[in-house]
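What follows is each chain in one-letter form.
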Amino acid sequence: LKGLLMINFDSADDGDEVGPHQASWFTLQRMSVLLADSIRASVVAFSGRNISSPDWRHRYAALMALGSISEGTPKNEFQNTVFQAMPAVLPMFQD
C-alpha cells in the first residue's frame, strides 16, 4: 500500500514507463481478486487514514486503493465500503 504513495508526475515522462504507484495499484488489484477478504480490511484502514490528508498524494493513494479492491469485492460489500467513504470522498471533487 505504501507504493501507492510514491507518485511522481514528471512533466518529461512520456507515459510509457510504469512507476511504483502504478505497479502497486496493479498488484493490489490482482491481489483483491485472489485474496479479497484477506486484504479488504487493510485497504479500508489505509484509505481511512489517508483520504483526509492535507497531502494530495495521500488522498489520491486512498482513492486508488479503494478502486483497486472493487473488482475482487462482492458488490454489496463494496457498496457498504463506498457508502462509508462518501463523506470523505465528496469534498475531494473540489481538488
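Q: What exactly am I supposed to notice about the packing of aromatic side chains here?
A: How two aromatic rings sit relative to each other is given by the distance of their centres and the angle of their planes. Tallied over the entire structure, the rule returns one aromatic pair. Ring centres 6.5 Å apart and planes at 70 degrees place the aromatic pair Trp56 and Tyr60 in the edge-to-face group. Here Trp56 pairs with Tyr60, and both are found in helix α2 (residues 56-68), just four residues apart, close to one helical turn. Overall, Trp56 belongs to the partly exposed group, its relative accessible area being 36%. By relative accessible area, which is 28% here, Tyr60 ends up partly exposed.

Q: Looking at this structure, I do not really get the environment of His58. What am I missing?
A: Looking at where His58 falls in the secondary structure, it is placed in helix α2. In the structure, His58 is positioned 12 residues away from Phe46 in sequence and 9.6 Å away in space, judged by C-alpha atoms.

Q: What should I look at first to understand the nonpolar core in this one?
A: Side chains of a nonpolar character, in soluble globular proteins, are inclined to be buried together. In this structure, Leu28, Ile39, Val43, Phe46, Ala61, Ala65, Ile69 and Phe78 together form the largest nonpolar core, which totals eight residues. Going through the elements one at a time, α1 (20-50) and α2 are the ones with two or more residues in this core. The element that contributes the greatest number of residues to this core is α1, accounting for four residues. Those residues in contact with Phe78 that lie beyond four places of it in its chain are Leu66, Ile69, Ser70 and Thr73. Of all hydrophobic cores here, the second largest spans five residues; its members include Ile51, Ala62, Leu66 and Val89.

Q: What should I look at first to understand the packing of α1 against α2 in this one?
A: The angle between the axes and the distance between the axes are what describe a pair of packed helices. Between α1 and α2, the least distance of the axes is 7 Å, while the angle of their chain directions is 120 degrees. In this view, α1 runs oblique relative to α2, as classed from their interaxial angle. Two packed elements cross with a definite hand, and for α1 against α2 that hand is left-handed. On the side of α1, the interface is formed by His21, Trp25, Leu28, Gln29, Ser32, Val43, Phe46, Ser47 and Asn50, while α2 contributes His58, Arg59, Tyr60, Ala61, Ala62, Met64, Ala65, Leu66, Gly67 and Ser68.

Q: Could you clarify how one ought to interpret a nonpolar patch on the surface in this entry?
A: On the surface, a cluster of nonpolar side chains totalling about 370 Å² of accessible area is made up of Met31, Val33, Leu34 and Leu35. Residue position: Leu35 is located in helix α1.

Conventions we followed
- Residues numbered from 1 in each chain as written.
- Predicted model: local features only at pLDDT ≥ 70, side-chain atom pairs only at ≥ 80, totals over all residues.
- Heavy atoms only, no water.
- Phe/Tyr/Trp six-rings, centres within 6.5 Å; stacked < 30°, edge-to-face > 60°.
- Helix = DSSP H or I, 4+ residues; strand = E, 2+ residues; numbered from the N terminus.
- Buried < 20%, exposed > 50% of the residue type's maximum accessible area, 1.4 Å probe, protein only.
- Core = buried A, V, L, I, M, F, W, Y, C linked by side-chain atoms within 4.5 Å.
- Contact = heavy atoms within 4.5 Å.
- Axes fitted to C-alpha atoms, helices over the stretch in contact; angles between N-to-C directions.
- Parallel < 35°, antiparallel > 145°, perpendicular 65-115°, else oblique.
- Left-handed = near helix turned anticlockwise from the far one by under 90°.
- Patch = residues over 30% accessible without salt bridge, like charges linked within 9 Å, V, L, I, M, F, W, Y side chains within 5 Å.
- Areas by Shrake-Rupley, 256 points an atom, 1.4 Å probe, with all protein chains shown as cover.
- Salt bridge = Lys/Arg side-chain N within 4 Å of Asp/Glu carboxyl O.

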